[in-house]
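Close look at the chain arrangement
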Amino acid sequence: MAIPATQMRPGMIIKHNDVLHAVFSVEHRTPGNLRAFIQAKLRNLRSGAMFEHRFRSGDAIDRVIVDEIAMEYLYNDGDDYYFMDTENFEQTPLKRDTLGDAVDYLLPNLNIHVSFYDGKPVGIELPQVVEMTIVETEPGIKSATASSVTKPAKTETGLVVQVPPFINEGEKVRIDTAEGAYMSRA
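Rules used in this analysis
- Residues numbered from 1 in each chain as written.
- Predicted model: local features only at pLDDT ≥ 70, side-chain atom pairs only at ≥ 80, totals over all residues.
- Heavy atoms only, no water.
- Salt bridge = Lys/Arg side-chain N within 4 Å of Asp/Glu carboxyl O.
- Buried < 20%, exposed > 50% of the residue type's maximum accessible area, 1.4 Å probe, protein only.
- Helix = DSSP H or I, 4+ residues; strand = E, 2+ residues; numbered from the N terminus.
- Phe/Tyr/Trp six-rings, centres within 6.5 Å; stacked < 30°, edge-to-face > 60°.
- Lys NZ or Arg CZ within 6 Å of the ring centre and 35° of its normal.
- Pairing = 2+ DSSP bridges.
- Axes fitted to C-alpha atoms, helices over the stretch in contact; angles between N-to-C directions.
- Contact = heavy atoms within 4.5 Å.

1. Focus: the pattern of salt bridges
- In this structure the tally under the stated criterion is 6 salt bridges.
- Between arginine 29 and glutamate 27 there is a salt bridge whose closest N-O contact spans 3.2 Å.
- Glutamate 27 sits in the partly exposed class, given a relative accessible area of 40%.
- Residues glutamate 125 and arginine 63 are paired through a salt bridge, measuring 2.4 Å at the closest nitrogen-oxygen approach. Here glutamate 125 is found in strand S11 (residues 120-125), whereas its partner arginine 63 is found in strand S6 (residues 60-63), with 62 residues between them in sequence.
- The partly exposed category is assigned to glutamate 125, whose relative accessible area is 25%.
- In the salt-bridge network here, residues are joined through shared partners; they are Arg63, Glu68 and Glu125.

Now the structure itself:
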């Protein structure tokens, strides 16, 4: 199934140069007066090699259809992340190497889809938006309203996002998993 490069998300499985690859990270860049492009970090599922590739925004990407099973994220133990099948309650561990940047968005009890190819887990598909709690940021400014000024804020998983100045510690925010960007308060 062909999709535009702009719809590529971390955790997807794509076919690039006739080889299966897991998408680790996706960054949409628009440099100055040049055309926009998508910088993607890919992992070859056969060899495990990581590399970066630049796609044009209009490029067609072959998304591989794999068996997707609805699972719930439970916990992690070091580099092992445990997921439970919501139908038969069977637990499946996935390594951090398999998950890539998706680990920054994993919260306990988060419902996701785990992709299996030839009976082996190869990646996950995150929801479009996750709600996270800000655990560390500079104090908010009372008179601050929405503007182009942002400040870094650390979430409960360790992910650092740029948020408006009126966001304080302890607040829940909605984060876009494709861009890793703040969307709104939860």
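After that view of the structure, there is still more to cover.
2. Concerning the packing of aromatic side chains
- Across all of its chains, the model carries 3 aromatic pairs by this definition.
- An angle of 55° between the planes, with centres 5.4 Å apart, marks the rings of tyrosine 73 and phenylalanine 83 as tilted. Of this pair, tyrosine 73 sits in strand S7 (residues 67-77) while phenylalanine 83 is found in strand S8 (residues 80-85), placing the two residues 10 residues apart along the sequence. A single burial state applies to tyrosine 73 and to phenylalanine 83, both of which are buried.
- The rings of Tyr73, Tyr81 and Phe83 are connected pair by pair, giving a single aromatic cluster.
- One residue, arginine 54, lies across the ring of phenylalanine 37, its end atom 4.2 Å from the ring centre.

3. Here's the deal with the sheet that holds S8
- Overall, antiparallel pairing links the 5 strands, which are arranged S9-S8-S7-S10-S11 in an open sheet. The outermost strands of the open sheet, each flanked by one partner alone, are strand S9 (91-95) and S11. Sheet twist, expressed as the average angle between the axes of neighbouring strands with direction ignored, equals 45°.
- Pairing between S8 and S9: 5 bridges, direction antiparallel. What sits directly across from tyrosine 82, in S9, is proline 93.

4. Focus on the environment of tyrosine 105
- Assignment of secondary structure puts tyrosine 105 in the loop between helix H1 (96-99) and strand S10 (111-117).
- Residue tyrosine 105 is classed as buried on the basis of its relative accessible area, which comes to 6%.
- Linking tyrosine 105 and methionine 8, residues 97 residues apart in sequence, is a C-alpha distance of 16 Å.
- When neighbours within four sequence positions are excluded, tyrosine 105 is seen to be in contact with Leu110, Leu126, Val130, Met132, Leu159, Ile175, Asp176, Thr177 and Gly180.

5. Structural notes on the sheet that holds S6
- Reading across the sheet, the 6 strands line up as S1-S6-S2-S3-S4-S5 and stay open at both edges, with antiparallel pairing between neighbours. At either end of the open sheet lies a strand with only one pairing partner, and these are strand S1 (2-4) and strand S5 (50-56). Averaged over all pairs of adjacent strands, the angle between their axes in this sheet comes to 50°, without regard to strand direction.
- Here 2 bridges tie strand S2 (residues 13-16) to S6, and the two strands are oriented antiparallel to one another. Following the sheet pairing, isoleucine 14 is matched in S6 by arginine 63.

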